[in-house]
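Residues per chain are reported as follows:
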Amino acid sequence: KRVQSILQKLGLSDVNPGACIGPDEWIEDPNGEKLISYNPTTNEPIASVITATAATYDRVVEAAAEAFLEWRMVPAPKRGQMIRDFGDALREYKEPLGELVTLEVGKIRAEGLGEVQEMIDICDFAVGLSRQLYGLTMASERPRHRMYEQWHPLGPIGIITAFNFPVAVWSWNSAIAAVAGDTMIWKPSPLAPLTAVAVQHIANRVLADHGYKGVFNLVIGSNEEVGERMINDHRLPLISFTGSIRVGRHVAQTVAQRLGRTILELGGNNAVIVTPSADMDLVVRAVLFAAVGTAGQRCTTLRRLIVHKSVVDTLLPRLIDAYKQVRIGDPMDDNTLMGPLITPKAVENMMAAIETAKAIGGEVLYGGKARPDIGPNFVEPTIIKMPEQLPLVCEETFAPILYVMEYETLEEAIALNNGVPQGLSSAIFTNDLREAETFLSPEGSDCGIANVNIGTSGAEIGGAFGGEKDTGGGREAGSDAWKAYMRRQTVTINYSRELPLAQGIKFGD
Ligand code: UN1
């Protein structure tokens, strides 16, 4: 019944068309298949959408390309006003949309609401940005010449998102891309189609109020039918992809082949270094949120705890005690701290990793089991002590497994932090200035995010978000990440009556 009331508040029905040329041109593909959205808490169906086939995909891209011709000429601050109203609409729908996130992907209600707040925050950022798409002015070497750069809209772009942040990651891309003057085609995860349809409805209303169309567009379909088409599509100069390293590599190669651009947000394998001077109260709380929050299904989730030998015996009992307090259950229940994993397959993967860990010398200090007694996809948050950073620890298992390792020197700890293929987020807990600064220096963490006395997850939108190495190198959200959604044009103007050449070249005179 709660499901019905949430869907109703968001204007969703039992079966929804899965493609939309905003606002309000929903396309029910006659050859589309029914994609059922399941509640991971129970594995029961919530509702379904009709997926798009190639023909619908093409229609949507054409509409987005056509809309771009107009949208690019709307002054950026005006585009920002549309995003301001979108942020307000999200404020209005924060509760039902946050709850739909909880229903569809199983993160606890507080985190579902937090995800919508992240959307609101990026809208606020984008509104300010709409008046700050600054280019530089350069001093020309030639007399009576002026040189500057300007940033122009890029085109219709593709946004491919994952299940774990089904709406926030889209908004990081779309709010910025919209003020940048791009139109966009969103392919959400097939595991989270409903939240996408809901967000599209909200965006449609705002677009209609402003008299625009085709800025935000949606195509729900399989990776083969829609995803492959998008990454091969010359009409899309930029593909922003969030997902696994394996798929990200394919996306990167395919888009590079046609000399398109990508923004890649791939896997993380994030570590916290706990030094002897660390404030252990902070460590315990930070580790709990970063390792157990979202049931370990954030790309920023803490997966490796690198602890100084001298404090292992102080920290671990406290940490285990904290893990014991974690209430696992219905993510809608405000007392719950950890909901389900996304699918039975995710549970299988976690159990397989735990078995491998045990076989190679890992010692399970807490958890380690599935909890079918609570629900089909529930597991225990798990702590495993590892003798060293073995290959298993270098992989990202998208589940709440925390591997603990010991270190003796800071150098060794930093080497462990950097000793994995991924490079998203990292943190050190210390009250020693030298240690903190070393960690942040060029010989310190090699990650896109480096924190001091803060866990690895839960970044604010104001900074650029993304990571190095196998994480893909992309940056989204704040700072100057907007530049990836625009094209830079360098302009030189001659207001003299001469034609001096650069580099002092004399040619024919
Ligand atoms: C993700 O897991 O894909 O920093 C994004 C964080 C969130 C975003 C996570 N703000 O944990």
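Rules used in this analysis
Residues numbered from 1 in each chain as written. Predicted model: local features only at pLDDT ≥ 70, side-chain atom pairs only at ≥ 80, totals over all residues. UniProt positions renumbered as here; feature names shortened; annotations may be inferred. Helix = DSSP H or I, 4+ residues; strand = E, 2+ residues; numbered from the N terminus. Rg over C-alpha atoms; globule rule 2.2 N^0.38 Å. Buried ≥ 20, exposed ≤ 12 C-beta atoms within 10 Å, placed from the backbone. Pairing = 2+ DSSP bridges. Axes fitted to C-alpha atoms, helices over the stretch in contact; angles between N-to-C directions. Right-handed = clockwise from strand over helix to strand, strands pointing away. Parallel < 35°, antiparallel > 145°, perpendicular 65-115°, else oblique. Left-handed = near helix turned anticlockwise from the far one by under 90°. Contact = placed C-beta atoms within 7 Å. Nonpolar A, V, L, I, M, F, W, Y, C, P; charged D, E, K, R; others polar.

- Taking an unreviewed UniProt entry as the reference, the chain is identified by name as aldehyde dehydrogenase (NAD(+)) belonging to Ardenticatena maritima.
- Heading Sequence similarities (unreviewed entry) of the UniProt record for the chain holds this comment: "Belongs to the aldehyde dehydrogenase family."
- Of the chain, the UniProt comment under Subunit (unreviewed entry) reads exactly: "Homotetramer."

## Regarding the overall build of the chain
Step number 1: The number of helices and strands found in the chain is 14 helices and 24 strands.
Step number 2: By the compact-globule yardstick of 23 Å for 509 residues, the chain fits well, its C-alpha radius of gyration being 24 Å.
Step number 3: Principal axes of the C-alpha set define a box for the chain whose edges measure 80 × 60 × 40 Å.
Step number 4: A total of 509 residues make up the chain; the buried ones form 53% of that total.

## So, unusual backbone geometry
Step number 1: Note the cis peptide between Gly 22 and Pro 23, where omega equals -5°.
Step number 2: Structurally, Pro 23 is set in the loop between strand 2 (19-21) and strand 3 (25-27).
Step number 3: The phi torsion at Asp 24 lies on the positive side, around 75°, for a residue other than glycine.
Step number 4: In this structure Asp 24 comes out as partly exposed when scored by C-beta crowding, with 13 C-beta atoms within 10 Å.
Step number 5: One non-glycine residue, Lys 469, lies in positive phi territory at about 55°.
Step number 6: Within the element layout of this structure, Lys 469 appears in strand 22 (residues 468-469).

## Observations concerning the UniProt feature "domain: Aldehyde dehydrogenase" (unreviewed entry) in the chain
Step number 1: UniProt marks residues 26-491 with the feature "domain: Aldehyde dehydrogenase" (unreviewed entry), using the numbering shown here.
Step number 2: Helix makes up 39% of residues 26-491 and strand 21%, and the two end C-alpha atoms of the span are 42 Å apart.

## Thoughts on the sheet that holds strand 16 (residues 382-385)
Step number 1: Here we have 7 strands laid out as an open sheet, ordered 15-16-17-14-13-19-20, and mixed in their pairing. The sheet is open, and its two edges are formed by strand 15 (363-366) and strand 20 (449-452), each paired on a single side. For this sheet, the mean inter-axis angle between neighbouring strands, taken without regard to orientation, is 25°.
Step number 2: Bridge count between strand 13 (residues 270-274) and strand 19 (residues 425-429): 4 bridges; the pairing is parallel.

## What about the pairing of strand 19?
Step number 1: With 5 of 5 residues buried, strand 19 is to be regarded as a mostly interior element.
Step number 2: Residues Ser 425, Ala 427 and Phe 429 point to one face of strand 19 and Ser 426 and Ile 428 to the other, with burial holding for every one of them.
Step number 3: One ladder, built from 4 bridges, connects strand 19 with strand 20; its direction is parallel. In the strand pairing of strand 20, Ala 427 is matched with Asn 451.
Step number 4: Since strand 19 and strand 20 lie parallel, the crossover through helix 14 (residues 433-440) that links them has a hand, and here it is right-handed.

## With respect to the sheet that holds strand 4 (residues 34-39)
Either a parallel or an antiparallel arrangement is found when strands of a sheet pair, and the pairing is made through backbone hydrogen bonds.
Step number 1: Taken together, the 3 strands give an open sheet; going across it, the order is 1-5-4, and neighbouring strands pair in mixed fashion. Every other strand in the sheet has two partners, leaving strand 1 (15-17) and strand 4 as the edge strands with one partner each. On average, each strand axis in the sheet is inclined to that of its neighbour by 30°, with strand direction left out of account.
Step number 2: As judged from the 6 bridges shared by strand 4 and strand 5 (residues 44-50), these two strands associate in the antiparallel manner. Note that in strand 5 the partner of Ser 37 across the bridge is Ala 47.

## Some words on the packing of helix 10 (residues 280-292) against helix 11 (residues 312-324)
Step number 1: Direction vectors running N to C along helix 10 and helix 11 enclose 45°, while the axes themselves pass 10 Å from each other. In this view, helix 10 runs oblique relative to helix 11, as classed from their interaxial angle. You can see that helix 10 and helix 11 cross each other, and the crossing is right-handed. Contacts between helix 10 and helix 11 involve Met 280, Val 283, Val 284, Val 287 and Leu 288 on the former and, on the latter, Thr 314, Leu 315, Arg 318, Leu 319 and Ala 322.
Step number 2: In terms of residue class, the contact of helix 10 with helix 11 is built from 8 nonpolar, 1 polar and 1 charged.

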